[in-house]
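Inside the fold
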Amino acid sequence: MNFNKTNRFVVSASPWITICISFVLMVIIIFQTIMMYNREKEHVGNHLKEKGAVFIKSFETDVKAGMLSNQAALQRLVEKTASHPDITYLFLVDVSGKILAHNDRKMIGTQISDTALNNPVTEPDGPQWRIVDKQNDTRYFEVYKTLFSTSLQVAEKQRPPDKIQALPMPSALDAENRPVMFIGMDVRPFEQAVTEDLQHNIVMITIVFLVGLAGIISLFWSRKVIRSHRLLQDTRAFAAETIASLPMGIIIVDKRRHIRYMNDTACSLLGINISAVTDKTADEVLPEEIWHLHKIADAHGKGLEKEIVVNSENSGPTPISMMVTNIFDQAGEFLGFLFILKDLSQIRALELKIRRKERLAALGTLASGIAHEVRNPLSSIKGYAGFFGSLFEAGSDNRKAAQLMVEEIDRVDRVISELLEFARPADLQLRPTPPELLIKNSLRIIRHEAQSAGIRVKEKIDVRLPELHLDPDRFSQVLLNLYINAIQSMKHGGDLTVDVSMKREAVLFAVSDTGEGISPEDQPAVFNPYYTTKKKGTGLGLAIVHKIVEGHNGAIWLESAPGKGTTFFVSIPLKKQQRKVP
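**Some points on the overall build of the chain**
Helix and strand counts for the chain stand at 13 helices and 17 strands. By residue count, 37% of the 582 residues in the chain fall in the buried class. At a minimum sequence separation of 6, the contacts of the chain that also span at least 24 residues come to 63%. As displayed, the chain offers around 34,900 Å² of accessible surface, 57% of which is attributable to carbon and sulfur atoms.

Rendered as structure tokens:
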């Protein structure tokens, strides 16, 4: 199950689910409000009806107890009952609609028309109620019921005759002509109770609506916040990955001079362990030459770019393009500094390589001219020197001078030959060659010379080495040059060690000596043409070695310390190469 898809579905669907739930809840509350309104209305109506029923029952009880004998007594009883604070009016009407008694005497004898007279309400049904409108749009809660039950009629019939004669009933209360009693009460308590209940429910509906609306708004807002947060996280991840992958060093320092961020490139360039940056200020971690630039940029109030050399424990002196600038937020408040470091080692190496190729091109042109213009006269001079030497006796000074002249001419010719070899492109005859065979053949050539100089020759060859695709003659020239240089550097004897091993996807040749070593100042120039520290050297040997190694798509470098000897490393890749030596 894909939880990310599920979370996205929940986030996108939850507002609509909430809207539906809120709508259903509001419908339920509205329905419940209507039900509660009707129930409250019925409850209050029943309460007032029961109160009216009590008044009617009390009136009937007084009638039964007193056995009213005339109309005046009936009127007094009506007025007495109507004097209760909860009763607004009270009257009795016969079946024809004539008011028999009324708390307002002016209404006695008037005729009314009412549907309640057509449907008499008897005791089993109990009193009924209704809301009626009277004059001046006044509303009343009216309870009505037909007076006297059948039990009263039976009681009258069973009463002794002497009692009937003694206490006659008023004609208005004749059991055969039962009147309807109407009691009107103030409807305001009823309406007020219903209104208050309705208002309460409206308030509840409003609260639920507002809560639901707030919930919907908050959910939409939270959804937007979640989306923005996720977008911010993605942006931060992209930015962090981009900054971490940049080939440039990035250092961010806050306004309190604490390092907030340093990528791996910056740590590598400066030779700093990222764990050493924690809880330390920038001036404690960064080299002085870098931190000093921040002071200059801070003083000028703008960015500063400068090329400096940083001494790192890992890589030694490293040329770096350094830029520092201030960081401000949108409000213009100062936040800190940004340092950008770019390693110029490869650029400087490329520039050096370009300059070297330019020199080689010029050297090739020069060599061609020298070979053409100098060799022919040298041949004539050599011939005449031999001729004039033969004119003198053997062992004479003139004969020796002529012989020395011939030797010098030969040396000049060798220099011209080396120069032509160095400047002229040559095809490499590449073929599979065992490295062990190359080492043994090349060491056999110089072994006698090494022994004569008191030098011990050691070899360390990995027997598991694969065959290399190279030109064995030209590569033997590389090895011989390195051997001869090593022998010449050990004037008082020493050890010449040849170590051949596998390093990743290449075979590494290491030729070491225990001679005088090469000073750090001379090391960058040892592969330049005509650069030599020997009195009789031409300075082309290592230049030719460098050229042949490059023709095999290999690399050559050295490690040396004065007084401790020198090691030349030659790395040849295993992949077959078919190219010409430029």
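There's plenty left to go through after this.
**Quick look at the pattern of salt bridges**
Oppositely charged side chains can pair when the atoms bearing their charge come close. Scanning all chains against the criterion turns up 13 salt bridges. Put simply, Asp-254, Arg-256 and Arg-260 are held in one network by salt bridges that share partners.

**A short note on the pairing of strand 4 (residues 139–146)**
In summary, the side chains of a regular strand alternate between the two faces of the sheet. Counting buried residues in strand 4 gives seven out of eight residues, a clear majority hidden from the surface. Pairing of strand 3 (residues 128–133) with strand 4, which is carried by six bridges, proceeds in the antiparallel orientation. Its bridge partner being in strand 4, Val-132 is matched across the sheet by Tyr-140. Taken together, the seven bridges between strand 4 and strand 5 (residues 180–186) define a ladder with antiparallel strand orientation. Within the sheet, the bridge partner assigned to Thr-146 lies in strand 5 and is Val-180.

**Some thoughts on the side chain of Ser-321**
For Ser-321, the position within the fold is in strand 9 (residues 316–328). Once residues lying within four places of it in the same chain are set aside, the contact partners of Ser-321 are Glu-305, Lys-306, Glu-307, Ile-340, Leu-341, Lys-342 and Leu-344.

**So, the sheet that holds strand 14 (residues 494–503)**
Strand pairing in a sheet relies on backbone hydrogen bonds, with the paired strands running either antiparallel or parallel. Read from one edge of the open sheet, five strands run 12-14-15-17-16, paired in mixed fashion. Pairing within the sheet leaves two strands with one partner each, and these edge strands are strand 12 (455–461) and strand 16 (555–561). On average, each strand axis in the sheet is tilted by 15° relative to the strand beside it, whichever way the strands run. Two elements, strand 16 and strand 17 (residues 565–573), share seven bridges in a ladder whose sense is antiparallel. Along strand 17, the bridge assignment pairs Trp-557 with Phe-569. Lying on the sheet, helix 13 (residues 541–551) is in contact with strand 16 and strand 17; it crosses strand 16 at an angle near 140°.

**Focus: the sheet that holds strand 4**
As summarised here, the arrangement of the five strands in space is 2-1-5-4-3, forming an open sheet in which the pairing is antiparallel. Here the strands that pair on one side only, and so sit at the sheet edges, are strand 2 (99–102) and strand 3. Direction aside, the axes of adjacent strands within the sheet are offset by 25° on average. Against the sheet, helix 2 (residues 71–82) makes contact with strand 1 (87–93) and strand 2, and its axis sits at roughly 50° relative to strand 2, the strand it touches most.

**Describing unusual backbone geometry**
The backbone phi angle of Arg-257 is positive, close to 70°, even though this residue is not glycine. Its place among the elements puts Arg-257 in the loop between strand 6 (249–254) and strand 7 (259–262). The class for Arg-257 is partly exposed, based on a relative accessible area of 28%. Notably, Asn-553 is not glycine yet its phi reads approximately 60°, a positive angle. Along the chain, Asn-553 falls in the loop between helix 13 and strand 16. Given a relative accessible area of 32%, Asn-553 falls into the partly exposed group.

**Here's the deal with the packing of helix 11 (residues 435–452) against helix 12 (residues 472–489)**
Packing of helix 11 against helix 12 brings their axes to within 10 Å, and their N-to-C directions diverge by 35°. Crossing angle aside, the handedness with which helix 11 passes helix 12 is right-handed. Residues Leu-438, Ile-439, Ser-442, Leu-443, Ile-445, Ile-446, Glu-449 and Ala-450 of helix 11 lie in contact with helix 12, whose contacting residues are Pro-472, Phe-475, Ser-476, Leu-479, Leu-480, Tyr-483 and Ile-487. For the contact of helix 11 with helix 12, a count of residues per class yields 12 nonpolar, two polar and one charged.

**A few points about a negative patch on the surface**
On the surface, a cluster of negative charge is contributed by Asp-283, Glu-284, Glu-288 and Glu-289. Within the fold, Glu-284 resides in helix 7 (residues 282–285).

**Remarks on helix 13**
Burial analysis of helix 13 places nine of its 11 residues in the buried class, which makes it a mostly covered element. Burial in helix 13 covers these residues: Leu-542, Ala-543, Ile-544, Val-545, His-546, Lys-547, Ile-548, Val-549 and Gly-551. Looking one or two places after helix 13, you find Asn-553, whose phi comes out positive at around 60°.

What counts and what doesn't
- Chains are numbered independently. Their residues run from 1 in the order of the written sequence.
- A pLDDT threshold of at least 70 governs which residues receive local features in this predicted model, and a stricter bar of 80 or more applies before side-chain atom pairs are shown or counted, although totals over entire chains, interfaces and linings include all residues.
- Remark: hydrogens and water are excluded; side-chain values derive from all non-hydrogen atoms of the structure.
- The secondary structure listing takes helices from DSSP runs of H or I that are at least 4 residues long and strands from runs of E that are at least 2 residues long, numbered from the N terminus.
- Each residue is placed in one exposure class: buried if its accessible area under a 1.4 Å probe, protein chains only, is under 20% of its type's maximum, exposed if it is over 50%, and partly exposed if it falls in between.
- Contacts: residue pairs with any heavy atoms within 4.5 Å of one another.
- Per-residue and other accessible areas follow the Shrake-Rupley method at a 1.4 Å probe size, with only the shown protein chains counted as cover for residues.
- When a carboxyl oxygen of Asp or Glu lies within 4 Å of a side-chain nitrogen of Lys or Arg, that pair is called a salt bridge.
- Think of it this way: DSSP has to see at least two bridges between two strands before they count as a pair.
- A fitted line through C-alpha atoms represents every axis, and for helices the fit uses only the stretch in contact; the resulting angles, taken between N-to-C directions, go from 0 to 180 degrees.
- In a left-handed crossing the near helix is turned counterclockwise from the far helix by less than a right angle, and in a right-handed crossing that turn is clockwise.
- Gly counts as polar in this scheme, as do all residues outside two lists: the nonpolar Ala, Val, Leu, Ile, Met, Phe, Trp, Tyr, Cys and Pro, and the charged Asp, Glu, Lys and Arg.
- Every patch collects residues that have over 30% relative accessible area and no salt bridge, joining them within 9 Å if they carry like charges and within 5 Å if they are nonpolar side chains (Val, Leu, Ile, Met, Phe, Trp, Tyr).
- Neither His nor the chain termini are counted; the positive set is Lys and Arg, and the negative set is Asp and Glu.
- Throughout, a charge is located at the NZ atom of Lys, the CZ atom of Arg, the CG atom of Asp or the CD atom of Glu.

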